[in-house]
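# Overview (structure and organization)
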Amino acid sequence: MIILSNVSKVYENGSTALNNISFFVERGEFVFVVGPSGSGKSTLIKLLMHEEVATSGEVIVNNISVNSLKRSEIPYLRREMGVVFQDFRLLPKKTVYENVSFAMEIVGASPREIRRQVPNVLSMVGLSHKAKVYPNQLSGGEQQRVALARALANNPAFLIADEPTGNLNPKTAYEIVELLEEINRRGTTIIMATHAKDIVDSMKKRVIAIEDGVIVRDEVRGVYGYED
């Protein structure tokens, strides 16, 4: 599913974000990526999405060698994944339905596919009754649910969640993670970068810990392990 082999990322200013890291994520896993601010978590996420390219080593996603992708091939990679961010990134002038349908339109889905799939994913995240509402009329938790629905619209093989609970209160954060767990049970592989200690410790999932660009722990039923 996802393979990183001896991957390093050095930026033009000489700073090393990742230093010779290797790991493998199997289909259907739920993996937390943890570590202090500046540890390399965000760079790792960007490498998977091809927002950044590794300086050395190999990144493979669904049998696609990410490093060597041509610009024209990047959309095909991104169709394999859904991405959820801390700041939601919804389109303010589009309704909930339109935000989700837009994710399907840009990959060429037919109107028929959109009419069938959008209600399905809105139902999955509990927002069928909010389809005609605009983002500014939603709570933070509801906006993140819309972002999740959008990420799932194209039936991705895996979901990247980059600090998805960072802007939410503890109760809402747990609701979002419970939803992620349900999505995982349905077969979607999930990689979640987070600072949410309580959530990581309670979930008992695999934890990959990064410090100063190096993997220092990779535990099957791990804990957060930091005090930040």
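Details of the structure are given in the entry above.
So, here's what we can say about the structure. Since the structure is predicted, the reported quantities are computational estimates derived from the model, not experimental observations. (Residues numbered from 1 in each chain as written. Predicted model: local features only at pLDDT ≥ 70, side-chain atom pairs only at ≥ 80, totals over all residues. Heavy atoms only, no water.)

### Focus: the overall build of the chain
Secondary structure assignment for the chain yields seven helices and 10 strands. The C-alpha radius of gyration of the chain comes to 17 Å, within 12% of the 17 Å expected for a compact globule of 228 residues. The dimensions of the chain, computed from C-alpha atoms along their principal axes, are 45 × 40 × 30 Å. A burial count over the chain gives 51% of its 228 residues as buried. A separation threshold of at least 6 residues defines the contact pool for the chain, and within that pool the share at least 24 residues apart is 67%. Of the roughly 11000 Å² that the chain leaves accessible, carbon and sulfur atoms contribute 47%. In the chain, 27 positive and 27 negative side-chain charges are present, and the distance between their average locations comes to 8 Å. (Helix = DSSP H or I, 4+ residues; strand = E, 2+ residues; numbered from the N terminus. Rg over C-alpha atoms; globule rule 2.2 N^0.38 Å. Buried < 20%, exposed > 50% of the residue type's maximum accessible area, 1.4 Å probe, protein only. Contact = heavy atoms within 4.5 Å. Areas by Shrake-Rupley, 256 points an atom, 1.4 Å probe, with all protein chains shown as cover. Lys, Arg positive; Asp, Glu negative; His and termini not counted. Charge placed at Lys NZ, Arg CZ, Asp CG, Glu CD.)

### Some thoughts on the packing of aromatic side chains
According to the stated counting rule, one finds two aromatic pairs in the structure shown. Their ring planes at 55° and their centres at 5.1 Å tell us that Phe 30 and Phe 32 sit as a pair that is tilted. An identical accessibility class is assigned to Phe 30 and Phe 32; each is buried. Ring geometry for Tyr 224 and Tyr 226: centres 5.5 Å apart, planes at 80°, overall edge-to-face. For the pair formed by Tyr 224 and Tyr 226, the shared burial category is buried. Seen from the ring of Phe 85, Arg 89 lies directly overhead, with NZ or CZ sitting 3.7 Å from the centre. (Phe/Tyr/Trp six-rings, centres within 6.5 Å; stacked < 30°, edge-to-face > 60°. Lys NZ or Arg CZ within 6 Å of the ring centre and 35° of its normal.)

### With respect to the environment of Arg 206
With respect to the element layout, Arg 206 can be found in strand E9 (residues 206-211). Between the C-alpha atoms of Arg 206 and Pro 119, which are 87 residues apart in sequence, the distance is 32 Å.

### Focus: the environment of Tyr 174
If you trace the backbone, Tyr 174 turns up in helix H6 (residues 170-185). Tyr 174 gets classed as partly exposed once you look at its relative accessible area, which sits at 33%. Within polar-contact distance, the side chain of Tyr 174 engages the backbone oxygen of Asp 198 at 3.3 Å. (Polar contact = N/O pair within 3.5 Å; in protein donor to acceptor, adjacent residues only side chain to side chain.)

### Structural notes on a nonpolar patch on the surface
A cluster of nonpolar residues, Leu 91, Phe 102 and Ile 106, forms a patch on the protein surface that exposes about 250 Å² of accessible area. Positionally, Phe 102 belongs in helix H3 (residues 96-105). (Patch = residues over 30% accessible without salt bridge, like charges linked within 9 Å, V, L, I, M, F, W, Y side chains within 5 Å. Salt bridge = Lys/Arg side-chain N within 4 Å of Asp/Glu carboxyl O.)

### Overview of unusual backbone geometry
Located in the positive-phi region is Asn 62, a residue other than glycine, with phi close to 50°. You can see Asn 62 is positioned in the loop between strand E4 (56-61) and strand E5 (64-65).

### Here's the deal with H3
Along an α-helix, residues three or four positions apart point the same way, because every turn accommodates 3.6 residues. Buried within H3 we find Val 96, Asn 99, Val 100, Ser 101, Ala 103 and Met 104. Residues of H3 that are buried make contact with helix H4 (111-124) and helix H5 (140-152).

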